[in-house]
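Per-entry structural report
If you want the building blocks of each chain, they are given just below.
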Amino acid sequence: MKLNKILIFGTIALGLGATSCVGDLNLDPIDPNLYTDTESPDFYKQALGECYSIMAVSGQQGPGSSIISGLDNGRGQYTRAIFMMNEFTTDECLWVWKDDGIYDLVTCTFGASNGNIYGTYGRLYAHIAVCNQFINSISEDTPDAEMLEMRNEARALRAMSYYWALDIFGNPSFTLDSPDGINEPGQIKRNDLYKWLEEELIFLVDESNLSSSPLYGRVGKDGAEALLARLYLNAGVYTGTPQWSKCAERCQNIIERHEGQSVYGGLTESYLALFAKNNSQYMPGGGGNVNEILWGIAYDSQYTQTYGGTTFLVASEVSANLGMDYRRYGVSSPWTCLKARQNLSELFAPWNSKSGNVPNGQGSLYSDDARASQWIAGNVNFVDNGQESSQEVTIQNTEIGEWSNGYTVIKWTNIDANEDGSLNFLTDPDKATEFVSTDLALIRLADVYLMYVECYVREKASALPTNALKYMNYVRNRAKIEPYTSINQIDLPEVINERGRELYWEMTRRSDLIRFDMYTGNSYLWSWKGNVLEGTGIADRYKLMPIPTNIIAAQPSFNQNPGW
């Protein structure tokens, strides 16, 4: 799929105004006017590629470039910024380095002046600005079906960014106009943004010509409807009025299009293959028979280089510490950054002892759950300067900066999965690369199944079809763990735990904890929550990120979120 990965990302923008979307945030124009024939279909295909590429990379001039200022170019990449907001601040992972502003996210002690929050806000609105420019360059009445479909794709991409703005910031900036550097956007209330986003996604799914079988790397009907289901899943948080039946209906629509693709209801046979280098086959248009990835971002180590995306995920997981051969996972540079928090590791208990010799750099514990099969835990044997040694990798996170505190998670890799789903570890270190070619799933079919199950459990008295047990067991059977025999075994605590086991580190955890009323207060604790080792309660204001101080300063009419 290399050729398609190249073609999806363009290098042309329609011309981007400097500050109209995000207050004082500086936006650099991105290679404007490279085409003189702006009526050419090729021009619009390349310009649409810009709407996609801003989600994949930081800038068009290599991995060290960025279209926004004020934040490290790696941290400022779209999905890495969202990961920081939705994973660093939860019970799922620790960033072991106390980088500027990161420690405050990891401990939930951040404020409105945190540069990472500001950078995330800016990245979302930089993307929205480019999408607005593209959308407004094509008339909604155009008779050209291809042009109209490209326009609708850009609307779906914009909807994704507005979804994150709704979820993370609640009451953010809003505009549908092309940026001109003069007119400022207004602030929109969370309830109003929800209503707009619902109407936008309903149109794209039910009325537009968004493709049911999109080209590789592009968004289609499945992705848009999955985003609508996720919006409905969190409707109670966003508006005060839950929409469980609407969420389940949208999930069922998607399931009916995919369920027959495999014995696991359209899920891939191997969990880890979803996060391997050749996972493009599970993307829409990727050439495979099973398309579990409903919406994903395509990556190529040569043509989409970034210090975010899947390069961030693979490199951050691995280290040279404790004899770990990071190159076997396909990367030439280990970052030694991400560890599991104790709460996440405990979801996969019991951990069992391995029999026989433990390979160099691998732990002596394993979980029966296939989703944790590559983790490194327990007593680790390794060779250091020719001497055999060992060290305990603990489940506790006593010291944030100590690599042996917390289990080592291996989920994403830059190596191919074999036909049976096993990973083809590299034996030649020269084949490891700095950047990775593993695609990144934004929404998967497994998430859709778990959304439906949650809706059913919450609305048992409703007329929802009783498919929840079957849907939950598709997920559990793929994980090689005991299936449920009765729907009565599945309650809300089990739903949130299964979401943690299936979707860990996939940028849903913060939203899930808030929806289950487990995020703020003292009812549920995790290590270093509130900057206390054992965890402590945090205020309700943390259910929303603050509107960044820089934005408030540039647009005094904006109101800060409650409590900030």
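Described below are features of the structure shown in this document. Source: prediction; values computed, not measured.

**What about the nonpolar core?**
- Phe88 and Trp375 are the most contacted members of the largest nonpolar core, which has 173 residues in total.
- At 14 residues, helix H6 (residues 145-169) tops the list of elements feeding residues into this core.
- Ignoring any residue separated from it by four or fewer positions in sequence, one finds Phe88 in contact with Phe83, Cys93, Trp95, Ile102, Leu105, Val106, Leu338 and Arg341.

**Re the packing of aromatic side chains**
- Summed over the entire model, instances satisfying the criterion amount to 36 aromatic pairs.
- Taken together, a centroid distance of 6.4 Å and an interplanar angle of 50° make the contact between Phe312 and Trp335 tilted. Of this pair, Phe312 sits in helix H11 (residues 309-317) while Trp335 sits in the loop between H11 and strand S5 (338-340), placing them 23 residues apart in sequence.
- Pairing Trp351 with Tyr407 gives two aromatic rings, centres 5.2 Å apart and planes at 80°, and the pair type is edge-to-face. Taken together, the residues span a long stretch of sequence, with Trp351 in strand S6 (residues 351-353) and Tyr407 in the loop between strand S9 (387-393) and strand S10 (440-444) at a distance of 56 residues. When sorted by exposure, Trp351 lands in the same class as Tyr407, which is buried.
- Aromatic ring contacts, followed pair by pair, group Phe83, Phe88, Trp95, Phe312, Trp335, Phe348, Trp351, Trp375, Tyr407, Tyr504 and Trp505 into a single cluster.
- We note Arg327 situated over the ring of Tyr326; from NZ or CZ to the ring centre the distance is 5.9 Å.
- Against the face of Phe516 rests Arg458, its NZ or CZ located 4.6 Å from the ring centre.

**Some points on helix H7 (residues 190-206)**
- For H7, with 17 residues, the first-to-last C-alpha span of 24 Å sits near the 24 Å given by 1.5 Å per residue.
- Every buried residue of H7 is accounted for by Arg190, Leu193, Tyr194, Trp196, Leu197, Glu198, Glu200, Leu201, Leu204 and Val205.

**Considering helix H8 (residues 221-233)**
- With 13 residues, H8 extends 18 Å from end C-alpha to end C-alpha; this agrees with the ideal 18 Å at 1.5 Å per step.
- Where H8 is concerned, the buried positions are Asp222, Gly223, Ala224, Glu225, Ala226, Leu227, Leu228, Ala229, Arg230, Leu231, Tyr232 and Leu233.

**Focus on the pairing of S9**
- Where strand S8 (residues 378-384) meets S9, 7 bridges bridge the pair, whose relative direction is antiparallel. What sits directly across from Asn379, in S9, is Glu392.
- Hairpin connection from S8 to S9: 2 residues lie between these consecutive antiparallel strands, with Asn385 at a positive phi of about 55°.

**Notes on the packing of helix H3 (residues 78-88) against helix H5 (residues 115-136)**
- One way to put it is that H3 packs onto H5 with a least axis distance of 9 Å and a crossing angle of 135°. Here H3 is positioned oblique relative to H5, judged by the angle of their axes. Our pair here, H3 against H5, has a crossing hand that is left-handed. Listed contacts from H5 to Tyr78, Ala81, Ile82, Met84 and Met85 of H3 are Asn116, Ile117, Thr120, Arg123, Leu124 and His127.
- Grouping the amino acids of the contact of H3 with H5 by side-chain chemistry returns 7 nonpolar, 3 polar and 1 charged.

**A short note on empty space enclosed by the protein**
- Going through the model one piece at a time under the given rule, you end up with 9 cavities of 30 Å³ or more.
- Looking at the largest cavity, its volume works out to about 80 Å³.
- In terms of lining, the largest cavity is formed by 13 residues, of which the most central are Leu313, Trp412, Leu440, Trp505 and Met507.
- Counting only elements with at least two residues in the lining of the largest cavity, the list comes to H3, H11 and S10.

**Some details on the pairing of S10**
- For S10, the tally of buried residues reaches 5 of 5 residues, placing the bulk of the element in the interior.
- Two elements, strand S4 (residues 293-297) and S10, share 4 bridges in a ladder whose sense is antiparallel. Directly across from Ile297, in S10, lies its bridge partner Leu440.

**Considering the pattern of salt bridges**
- Scanning all chains against the criterion turns up 34 salt bridges.
- As a salt-bridge pair, Glu494 and Arg476 come within 3.7 Å of each other at their nearest N and O atoms. With Glu494 in helix H15 (residues 492-503) and Arg476 in helix H14 (residues 468-478), the pair connects residues that are 18 residues apart, well separated along the chain.
- Its relative accessible area of 10% is what places Arg476 among the buried residues.
- Salt bridges here are not isolated pairs; linked through shared partners, they connect Glu292, Asp369, Arg371, Lys411, Arg444, Arg476, Arg478, Glu494, Glu498, Arg501, Glu502 and Glu506.

**Some thoughts on the environment of Phe516**
- Here Phe516 shows up in the loop between helix H16 (509-515) and helix H17 (549-554).
- The exposure class of Phe516 is buried, given its relative accessible area of 12%.
- The spacing of Phe516 and Pro493 is 23 residues in sequence and 8.8 Å in space, taken between C-alpha atoms.
- In this view, Phe516 contacts Glu454, Arg458, Leu492, Val495 and Ile496; residues no more than four positions away in its chain are not counted.

**What about the state of the cysteines?**
- Tallied over the entire structure, the rule returns 0 disulfides.
- Note on Cys251: no disulfide assigned, nearest cysteine sulfur contributed by Cys247 at a separation of 4.1 Å.
- Residue class for Cys251 comes out buried when judged on its relative accessible area of 0%.

The rules behind these values
- Residues numbered from 1 in each chain as written.
- Predicted model: local features only at pLDDT ≥ 70, side-chain atom pairs only at ≥ 80, totals over all residues.
- Heavy atoms only, no water.
- Core = buried A, V, L, I, M, F, W, Y, C linked by side-chain atoms within 4.5 Å.
- Buried < 20%, exposed > 50% of the residue type's maximum accessible area, 1.4 Å probe, protein only.
- Helix = DSSP H or I, 4+ residues; strand = E, 2+ residues; numbered from the N terminus.
- Contact = heavy atoms within 4.5 Å.
- Phe/Tyr/Trp six-rings, centres within 6.5 Å; stacked < 30°, edge-to-face > 60°.
- Lys NZ or Arg CZ within 6 Å of the ring centre and 35° of its normal.
- Expected span 1.5 Å × (residues − 1).
- Pairing = 2+ DSSP bridges.
- Axes fitted to C-alpha atoms, helices over the stretch in contact; angles between N-to-C directions.
- Parallel < 35°, antiparallel > 145°, perpendicular 65-115°, else oblique.
- Left-handed = near helix turned anticlockwise from the far one by under 90°.
- Nonpolar A, V, L, I, M, F, W, Y, C, P; charged D, E, K, R; others polar.
- 1 Å grid on protein atoms, 1.4 Å probe; cavity = no way out; pocket = protein on both sides within 12 Å on 5 of 7 lines; lining within 4 Å.
- Points joined across faces, edges and corners; volume = space filled by probe spheres on them.
- Salt bridge = Lys/Arg side-chain N within 4 Å of Asp/Glu carboxyl O.
- Disulfide = S-S within 2.5 Å.

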